[in-house]
Amino acid sequence: YHFSVFALAAGVPLISLWHSPYYKDKQEGLLEAFGHPEWTLDDRKITSETLLARVFKQENTPRSNRNNRVAELAHRHARWQERIFETLENSIVLRT
């Protein structure tokens, strides 16, 4: 899971394989956040044809689309941090 986080954050495409419902949910949620829920597969049902089809499909995904999503998520995270700090600062001001 964590290697997927780092790869996606760097704009590197991947195919995520899962075996249990727990990892299915984690991987699908992560890939959904990066705009590519189709990049995950059940490792019990994968075939070489399915895998190759996914690889070729990803190869045709423009890198700029992946990088745009990373930039969008980074911006959302920065905005979220700003709101957290504003809330904490307002809380401290109200207490004094």
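Being a predicted model, the structure only gives us computed values, none of them experimental.

J.: Please clarify how the pattern of salt bridges should be interpreted in this entry.
T.: Any two side chains of opposite charge can pair if their charged atoms end up close together. This model, assessed by the stated rule, comprises four salt bridges. Note that R79 and E82 form a salt bridge whose closest N and O atoms lie 2.8 Å from each other. Residue R79 and its partner E82 are both found in helix α4 (residues 63-95); the two are separated by three residues, about one turn of the helix. What you see here is one network of salt bridges that share partners, running through R79, E82 and E86.

J.: I would appreciate a short explanation of the packing of aromatic side chains in the present structure.
T.: How two aromatic rings sit relative to each other is set out by the distance from centre to centre and by the angle between their planes. Tallied over the full model, the rule gives one aromatic pair. Their ring planes at 85° and their centres at 4.9 Å tell us that Y22 and Y23 sit as a pair that is edge-to-face. One residue, K26, lies across the ring of Y1, its end atom 4.2 Å from the ring centre.

J.: Just checking my understanding: could you explain the environment of S16 for this structure?
T.: Position of S16 relative to the elements: it lies in strand β1 (residues 16-18). Take S16: its relative accessible area is 2%, and that puts it in the buried class. Linking S16 and Q27, residues 11 residues apart in sequence, is a C-alpha distance of 6.8 Å. The contact partners of S16, leaving out residues within four places of it in the chain, are Q27, L31, W39, T40 and L41. Polar side-chain contacts of S16 include one of 2.8 Å to the side chain of Q27.

J.: How should I be thinking about the nonpolar core in this particular structure?
T.: Nonpolar side chains tend toward joint burial in soluble globular proteins. Formed by A7, L8, L14, L30, L31, F34, W39 and L73, the largest nonpolar core amounts to eight residues. Looking at this core, the elements with two or more residues in it are α1 (2-9) and α2 (21-33). When near neighbours in sequence (up to four residues on either side) are disregarded, F34 contacts L8, A9, R69, V70 and L73.

J.: Explain the environment of P21 here, please?
T.: Locating P21 in the fold gives a position in helix α2. In this structure, the C-alpha to C-alpha distance between P21 and D42, residues 21 residues apart in sequence, is 9.6 Å.

J.: Would you mind going over α2 with me for this structure?
T.: A turn of α-helix holds 3.6 residues, and therefore any two residues three or four places apart point the same way. If you check α2, its first and last C-alpha atoms are 18 Å apart, about what 13 residues at 1.5 Å a residue would give, namely 18 Å. Taken together, the buried positions of α2 are Q27, L30 and L31. The arc that holds every buried residue of α2, seen down its axis, measures 95°, which confines them to one face. Exposed residues on α2 whose side chains face more than 90 degrees from its buried face are P21 and D25. Summarising the contacts, the buried residues of α2 are in contact with α1, β1 and β2 (40-42). Within two residues after α2, G35 carries a phi angle of roughly 85°, on the positive side.

Reading the values: rules and limits
- Residues numbered from 1 in each chain as written.
- Predicted model: local features only at pLDDT ≥ 70, side-chain atom pairs only at ≥ 80, totals over all residues.
- Heavy atoms only, no water.
- Salt bridge = Lys/Arg side-chain N within 4 Å of Asp/Glu carboxyl O.
- Helix = DSSP H or I, 4+ residues; strand = E, 2+ residues; numbered from the N terminus.
- Phe/Tyr/Trp six-rings, centres within 6.5 Å; stacked < 30°, edge-to-face > 60°.
- Lys NZ or Arg CZ within 6 Å of the ring centre and 35° of its normal.
- Buried < 20%, exposed > 50% of the residue type's maximum accessible area, 1.4 Å probe, protein only.
- Contact = heavy atoms within 4.5 Å.
- Polar contact = N/O pair within 3.5 Å; in protein donor to acceptor, adjacent residues only side chain to side chain.
- Core = buried A, V, L, I, M, F, W, Y, C linked by side-chain atoms within 4.5 Å.
- Expected span 1.5 Å × (residues − 1).
- Arc of directions from axis to C-beta.

It is worth stressing that arrangement in space is one thing and function is another; only the former is reported here.
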